[in-house]
Amino acid sequence: MAKAKEVFIGAIDQGTTSTRFIIYDHQARPIGSHQVEFTQFYPEAGWVEHEPMEILESVRVCMAKALDKATADGHNVDSGLKAIGLTNQRETTVLWSKSTGCPLYNAIVWMDARTSSVCRKLEKELPGGKTHFLDAVGLPISTYFSAVKLLWMMENVDAVKEAIKKGDALFGTIDTWLIWNLTGGVNGGLHVTDVSNASRTMLMNLKTLDWDKPTLETLGIPAEILPKIVSNSEIIGKIGKGWPITGIPISGCLGDQHAAMLGQACKKGEAKSTYGTGAFILMNTGEEVVKSKHGLLSTLAFKLGPKAPTNYALEGSIAIAGAAVQWLRDSLGIISSASEIEELALQVNSTGGVYFVPAFNGLFAPWWRDDARGVCIGITRFTSKAHIARAVLESMCFQVKDVLDSMQKDAVEKGVIKDAKSEFLLRVDGGATVNNLLMQIQADLLGSPVIRPADIETTALGAAFAAGLAIGVFKEEEIFDSGERTKTSTTFKPVLNEEFRKKKAESWCRAVERTFNLADLSL
Ligand SMILES: Nc1ncnc2c1ncn2[C@@H]1O[C@H](COP(=O)(O)OP(=O)(O)OP(=O)(O)O)[C@@H](O)[C@H]1O
Ligand SMILES: [Mg+2]
């Protein structure tokens, strides 16, 4: 018989390659979930798009199936579900018509590099070049952020130009697109985003947490098309008709990396690395905005309520991590599923001198080179696909190491932590962390331990925490008390000889340098 008093929180996790819906009980244990992959469009080299309607459909299917599964397992979800949290791939940009609800163009995905020329032009024209907006918004000018994707659509898509002229265009990141549709769409849908997603647009002032007027003016972006910014944990609105769940409040919303940080309960000075399509390392820097001197971004960590203090973060973003594994599977065909890479890489005990740098769309942190493209070097007649597979795993870990080296320098210089080596413990999560070899390589290349929680879906968990917090199901002390979770986590300790580790890092740096200037951006 169903248990009458059960209380549940649902989390929508709309990632880059898949959507999930996970239902948690009041102790934050997952009791039912469903995941679907959706289509990636690559219309030209360096371009990546998603179909916004397909994303909506994926959310609908995941909700319905997860509810069915939980109900079939005897949980009284129908009456027990109290709130929904939402987390999403960040920066990905959608423009749609307020009157019809139809997208005006496909969503331009965060890793899409078509805006190189938009960025070059801005850098050339504006004082300070790449860093022109850094003080206000915490970000350098880069193809990565929503503002330049929006500018590209404003310049190149007739439907967008027209809708803006008629006052019929709405801009949003994926959270905004989903919330508008979930809360009624053309029938009064709410046009909102949260502080963490807004902090990735290159348009939000990091201190006022509002759209930055001078930035909007400089870029010629009309404020009317932008959503209202809310905190990460508050009742935003209720889910409208036509969804598998109706009348339930959406009470938490965070970008996926911020949600993972909350799911990992990162306090000031603590950092996490999430290994999904890309890899994203964020360190909570407390209530101060820390400006990086080593190529990292200043961004929001989270703001857990309209009146709650704002926590900021330093972030190092890596565009291609798990996506390189998918490339081995889908483009080279040397594995047939992502999980096969571990077995293949374990057939050899080194890469045999091969270094692979997956700069498919340029390199993000700490290099910020949109002219970089992928390289694979050190190949001999001896090289096998097992060596390549191992080099791909190493490339994920070396990129994380580069970011962490920069992060530790910034954090020590700004007094966020005292001593990088003695205090540092990397919390890891995300789909690729099921790979034990990957985790061991990461600990070896860092020369410090990494800790993996029993539940690696911390992105969805963070969204559930934020939603549950707003309605009193979870308390902040419980979320940040990581004692229980530490008991069930796995720690990977480094075993690699220090001298060998340094040598490998030097070879990796040489490989990275070879990726520069490979793209022809004049085209
Ligand atoms: N055993 C494995 N070893 C290495 N990589 C793996 C393994 N299993 C999955 N991956 C990679 O992990 C990624 C999927 O992780 P996850 O499900 O967290 O991503 P996502 O949520 O769809 O995307 P994102 O979080 O980046 O928006 C894929 O890129 C896949 O190639
Ligand atoms: Mg994800």
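Residues numbered from 1 in each chain as written. Chains lettered and ligands numbered in written order. Predicted model: local features only at pLDDT ≥ 70, side-chain atom pairs only at ≥ 80, totals over all residues. Heavy atoms only, no water.

As annotated in an unreviewed UniProt entry, the protein carries the name glycerol kinase and comes from Citrus clementina. UniProt's Catalytic activity (unreviewed entry) comment on the protein is quoted here verbatim: "glycerol + ATP = sn-glycerol 3-phosphate + ADP + H(+)". Looking at the protein in UniProt, the text filed under Pathway (unreviewed entry) is "Polyol metabolism; glycerol degradation via glycerol kinase pathway; sn-glycerol 3-phosphate from glycerol: step 1/1." (UniProt positions renumbered as here; feature names shortened; annotations may be inferred.)

Novice: Explain the UniProt feature "domain: Carbohydrate kinase FGGY N-terminal" (unreviewed entry) in the protein to me, please; I cannot follow it from the model alone.
Specialist: Following the UniProt record, one finds the feature "domain: Carbohydrate kinase FGGY N-terminal" (unreviewed entry) at residues 9–263. Between the C-alpha atoms that bound residues 9–263 there is a distance of 14 Å. The span itself is 34% helix and 25% strand. (Helix = DSSP H or I, 4+ residues; strand = E, 2+ residues; numbered from the N terminus.)

Novice: Looking at this structure, how should I read the packing of helix α1 (residues 52–72) against helix α7 (residues 174–182)?
Specialist: Packed helices, taken two at a time, are described by their axes: the angle between them and the distance between them. Running from N to C, α1 and α7 point in directions that differ by 65°, and their axes come no closer than 11 Å. In this structure, the crossing between α1 and α7 has a hand that is right-handed. Seen from α1, the contacting residues are Pro-52, Met-53, Ile-55, Leu-56, Val-59 and Met-63; seen from α7, they are Ile-174, Trp-177, Leu-178, Asn-181 and Leu-182. Per-class residue counts for the contact of α1 with α7 are ten nonpolar, one polar and no charged. (Axes fitted to C-alpha atoms, helices over the stretch in contact; angles between N-to-C directions. Left-handed = near helix turned anticlockwise from the far one by under 90°. Contact = heavy atoms within 4.5 Å. Nonpolar A, V, L, I, M, F, W, Y, C, P; charged D, E, K, R; others polar.)

Novice: Got a minute to help me understand the sheet that holds strand β5 (residues 81–88) in this structure?
Specialist: Each strand in a sheet pairs with its neighbour through backbone hydrogen bonds, running either in the same direction (parallel) or in the opposite one (antiparallel). As summarised here, the arrangement of the six strands in space is β3-β2-β1-β5-β12-β11, forming an open sheet in which the pairing is mixed. The sheet is open, and its two edges are formed by β3 (30–37) and β11 (233–238), each paired on a single side. This sheet shows a mean twist of 25° between the axes of neighbouring strands, independent of strand direction. Looking at chain direction, β11 and strand β12 (residues 249–255) are connected through three bridges and run antiparallel. Paired with Gly-237 across the two strands is Ile-250, which belongs to β12. Its contacts with the sheet place α1 against β1 (8–14), β2 (18–25), β3 and β5, and it is angled at close to 150° to β3. (Pairing = 2+ DSSP bridges.)

Novice: Before we go on, may I ask you to explain helix α16 (residues 458–470) in this structure?
Specialist: An α-helix turns once per 3.6 residues; consequently, residues spaced three or four apart project the same way. Over its 13 residues, α16 runs 18 Å from end to end, which matches the ideal 18 Å to within 8%, given 1.5 Å per residue. For α16, the buried fraction is high: twelve of the 13 residues fall into the buried class. Buried within α16 we find Thr-458, Thr-459, Ala-460, Leu-461, Gly-462, Ala-463, Ala-464, Phe-465, Ala-466, Ala-467, Gly-468 and Leu-469. Gly-472 sits one or two residues past α16 and shows a positive phi near 80°. (Expected span 1.5 Å × (residues − 1). Buried < 20%, exposed > 50% of the residue type's maximum accessible area, 1.4 Å probe, protein only.)

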